[in-house]
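Chains, contacts and geometry: an overview
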Amino acid sequence: MSAVGASGGSALLAVRSLTKLFGSFAACNAIDLDIQPGEIHALLGENGAGKSTLVKMLFGVLAPTSGQILWKGEPVRITSPGAARRLGIGMVFQHFSLFEALTVAENIALSLSPGISLSKVAEEASRLSHLYGLPLDPKAHVADLSVGERQRIEIVRALLQNPELIILDEPTSVLTPQEADRLFETLAKLKAEGRSVLYISHRLEEVQRICDRATVLRHGKVTGACDPRKETPASLARMMVGSDVASVSAAGTNTKGDVLLEARHLSVPARTPFAVALKNICLKVRGGEVLAIAGVAGNGQGELFDALSGEYPVPDASAVAIRGRPAGNLGITARRLMGAGFVPEERHGHAAVPALPLSDNLVLARNQSDRKTFLAGGVLGVIRRAVVRIASRRISETMDVRKSGENPAAGSLSGGNLQKYIVGRELDRQPAVLIVNQPTWGVDAGAASRIRQALVDLAREGSAVLVISQDLDEIFEVATEIAVISEGRLSDVYPARDLTREKIGLLMGGMYGKTEGEVADAH
Amino acid sequence: MRIELEKRANPSTFFSVLSPFLALGLTVLAGGIMFALLGKDPISALYSFFVEPLLDVWSLHEIAIKAAPLILIGVGLSVCYRSNNWNIGAEGQFIAGAIAGAIVPVVFHDWHSPLVLPLMLIFGMIGGALYAAIPAFLKAHMNTNEILTSLMLVYIAQLFLDWLVRGPWRSPDAYNFPVTRDFAPEAILPELVSSGRTNLGFAFAIIAAIALWIMMRYTLKGFEITVLGQSERAGRFAGFSSKRMIWFSLLLSGALAGLAGISEVSGTIGKLQPVISPGYGFTAIIVAFLGRLSPLGIIAAGLFLALTYVGGEAVQLTLSVSDKVTRVFQGLLLFFVLSCDTLIQYKIRLVFSRFGQSSEGGAH
């Protein structure tokens, strides 16, 4: 016990120099962490900082390479999620593991030991769910439930084990602001009962709101332990990022030009059983505008991008217009030739081919729009690699892309640097219309701010920019106009200054007051 | 305990380059053991298998003759495989090309003109391409698996050829033997050099390999093939169509296999018979992979596998071992090529601990 020291002696869970190596890469490097009974402890860090690896070790999903985990002062080895549950640790994962065809009660029963009757499970689940303000109908089928309701199942499932520590991995990333508020109330109740919560997030605002203490990770190491309420968002961000993050300036983007991008009653049936159908989408983006489309993941953002980019054209030519000319039935190449540029959400295998060098990835997006520059030999289409390489260097310099060599494989770049290159690749040709899906998803804060500024600058120069994003902070930073997508329908477009987070939250939950009551109370 | 393949962080470039040679060395070693088990002296057996054919002008010509179809088919397949279209029915396209090309000298045997040979070659390419168009259509529009359809079409082609030479195309002068009439002299592919039988087919193979090498290395079409093979979605983003690529790669490899087929019957056999190929279409798959799907590498690999055919015939005569020895060597070679490549990219890990079971859960 003496080795544990004064700080760890009373802790519910203490972690001492916990390390996890993947090959030679240290995802977690000598992490120390103490969680006291009855506290909400935040684990802060950017994508890839090692948060998920750490909690997977705590929940027995991954085995640590070295280091110690102490539970109530005793060294323990957590070898499986079952062992973690027996100790009293419950976890709610970022991605749910639920069977859509089964009911709520059946899904819960699956995680319990066999032999407990379904009606008993349903009774207990509905008792707990009301106790903690998580209304759930045990007989409802999961397929019919919203993401927020599905998360409640996971929480109730964890609570049924009567855990002393509950780990929540990025719980609000799939919730509307209103749903998040209800979650915070539940967490406060858990805390009042003396349970501890380990709350993983990269959202500073909510951490400051609900957490008692915070441990900040960067590149697999602890870079700070603090009381988040005594810190400013800037000081927390500095601990997360390691340097000050430039703020994005949207000044000068209020000039309005012609309508450069337009969708008129764009409807697209779902391409696969898992896709979302787009229903009657209307939008207009003028030169100088940044239209941001907010929405919870999986509400048709990807499908909207596919239809606007022309990767999957629609039969109706007039459904999409670029610079006033109908383009709905044209493919992505034709739309690029009309002056549009595109940045898809997924970097690896969509926006870029990871195994190919950066210069080849430049040819990927611009092989026809810059045909005269990049290709020689007429129909033979000989790629002028020297010319392409010069253009690639120019893009890397303009966007400050940091890379390991002159022309490395795209896959060897970090997410942020590759994203800067992919955005820079489009900006380099000054597109009249730029459509970006999740511009800074999984990107470090420094690169994110660079990319957002570049989008704003492009609009300032007179282009029309459409940003599809799940990140409300990002939307308020860059947008001049905001609309919300929900279940494949787009809300009206509002000027950014007229909208608040709460209003966006209501739009995310449903449309135009029709379902506002539902958002306020799910049952 | 279970065995896991773990991707190496930095696969050795040195061994990646060495891999085909490593595979050759291992094949020779395993072949030596096989000869020893058969009760033959492994050194002299390997000598007559791999070295003797290289010392004799006649067998050098035989190697070139057998390498020609292997290279021609192999470079076509490399385009397919690079674009992620798994055509393994080149044997059928080879036969289809041979049949289509033979229409001119068999059906119109009274027509004598210098146009006969060019027409035969063109018909051969069209025949092979049309036969490959069947799996291409099925994959592009019906979403079927081209591995199955192209393979099954091989047997149809083989049996159709068998029926043709026993039935409608049987020569009236062949005493009921199942062969077509001999091709007229102007329907025979001319020999390249005076020292032996190597014919124009070998030149076709080298020209095709160099042309495809230039295409893959320097042109946008080659880039399109690479991109679509690595990621269909990225290809779509680039404005490339994976459906068109299915058509392009299968028609191209089918045409080259068809050209190989008509060159073989016109240059080497001189007529159609029930069996016109010792499995060139399948061996070319080994050639394509041994040549690392690079057209220039395929030239070398094609010559080497031709050597296994010639060497196999040699040991069959001198040591009286089974004619299956050639197939065994080819099989060993493919096995070692694929396993060398795999083990250079991945390392084997034996997992004993109970942590092993839970690490699967880490995937989500």
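Cut-offs used in this document
- Residues numbered from 1 in each chain as written.
- Chains lettered and ligands numbered in written order.
- Predicted model: local features only at pLDDT ≥ 70, side-chain atom pairs only at ≥ 80, totals over all residues.
- Helix = DSSP H or I, 4+ residues; strand = E, 2+ residues; numbered from the N terminus.
- Rg over C-alpha atoms; globule rule 2.2 N^0.38 Å.
- Buried ≥ 20, exposed ≤ 12 C-beta atoms within 10 Å, placed from the backbone.
- Contact = placed C-beta atoms within 7 Å.
- Nonpolar A, V, L, I, M, F, W, Y, C, P; charged D, E, K, R; others polar.
- Axes fitted to C-alpha atoms, helices over the stretch in contact; angles between N-to-C directions.
- Parallel < 35°, antiparallel > 145°, perpendicular 65-115°, else oblique.
- Left-handed = near helix turned anticlockwise from the far one by under 90°.
- pLDDT = per-residue confidence, 0-100.
- Core = buried A, V, L, I, M, F, W, Y, C linked by C-beta atoms within 7 Å.

1. What to know about the overall build of chain A
For chain A, the helix and strand inventory stands at 19 helices and 23 strands. Taking 24 Å as the expected radius of gyration for a compact globule of 523 residues, we find that chain A reaches 25 Å, a close match to that expectation. With respect to the three principal axes, the spread of C-alpha positions in chain A is 75 × 50 × 40 Å. The buried share of chain A, taken over its 523 residues, is 50%. For chain A, contacts bridging at least 24 residues in sequence account for 67% of all contacts bridging at least 6.

2. Concerning the overall build of chain B
Along chain B, the regular secondary structure elements total 14 helices and two strands. Scaling as 2.2 N^0.38, a compact globule of 364 residues should have a C-alpha radius of gyration of about 21 Å, and chain B matches this with 22 Å. The C-alpha extent of chain B, read off along each of the three principal axes, is 75 × 60 × 35 Å. Among the 364 residues that make up chain B, the fraction classed as buried is 48%. Sequence-distant contacts, at least 24 apart, represent 77% of the contacts inside chain B between residues at least 6 apart.

3. Here's the deal with the interface of chain A and chain B
The partner chain B presents 22 residues to the 33 residues of chain A that form the contact. Those elements that place two or more of their residues in the side of chain A that touches chain B are helix H11 (332–337), helix H12 (358–366) and strand S18 (382–383) of chain A. The element that contributes the greatest number of residues to the side of chain A that touches chain B is H12(A), accounting for four residues. Its residues assigned to classes, the side of chain A that touches chain B shows 17 nonpolar, 13 polar and three charged.

4. A look at the packing of helix H3 (residues 57–82) of chain B against helix H7 (residues 200–218) of chain B
Residues and elements named next belong to chain B. Two numbers describe how H3 lies on H7: the axes approach to 8 Å, and their chain directions differ by 25°. What the angle tells us is that H3 and H7 run roughly parallel. Read as a crossing pair, H3 and H7 show a hand that is left-handed. Of the residues in H7, those touching H3 at Ala64, Ala67, Ala68, Ile71, Leu72, Val75 and Val79 are Gly201, Phe202, Phe204, Ala205, Ala208, Ala209 and Leu212. In terms of residue class, the contact of H3 with H7 is made up of 13 nonpolar, one polar and no charged.

5. Describing unusual backbone geometry
A negative phi angle is the norm for most residues apart from glycine, just as the trans form is the norm for most peptide bonds. All names here are of chain A. Backbone geometry places Arg323, a non-glycine residue, at a positive phi of 50°. On the secondary structure map, Arg323 appears in the loop between strand S14 (320–322) and strand S15 (325–326). Positive phi, close to 55°, is recorded for Asp400, a residue that is not glycine. Inspection of the secondary structure puts Asp400 in the loop between helix H14 (385–398) and helix H15 (415–427). Of the residues examined, Asp400 has 12 C-beta atoms within 10 Å and is grouped as exposed.

6. Regarding the confidence of the model for chain A
Residues and elements named next belong to chain A. Per-residue confidence for chain A gives a mean pLDDT of 86; residues scoring 70 or more make up 93%. Confidence over residues 1–8 falls short of pLDDT 50; this stretch has ten contacts with residues more than four positions distant or in other chains. Ignoring residues within four places in sequence, the model shows residues 511–523, a span with pLDDT below 50, making 18 contacts including any to other chains.

7. Observations regarding the environment of Tyr131(B)
Residues and elements named next belong to chain B. The topology assignment puts Tyr131 in helix H5 (residues 116–142). C-alpha separation for the pair Tyr131 and Gly97, spaced 34 residues apart in sequence, amounts to 8.3 Å. Discounting residues that sit within four places of it in the chain, Tyr131 has contacts with Gly92, Gln93, Ala96, Leu153, Ala157 and Gly254.

8. A few points about the nonpolar core
Within the largest apolar cluster, 273 residues are counted, with the highest numbers of intra-cluster contacts made by Leu455(A), Leu72(B) and Ile73(B). Considering every element that reaches this core, the biggest residue donor is H3(B), with 14 residues. Non-local contacts of Leu455(A), meaning those with residues more than four positions away in its chain, are made with Val290(A), Val436(A), Pro439(A), Val465(A), Val467(A) and Val478(A).

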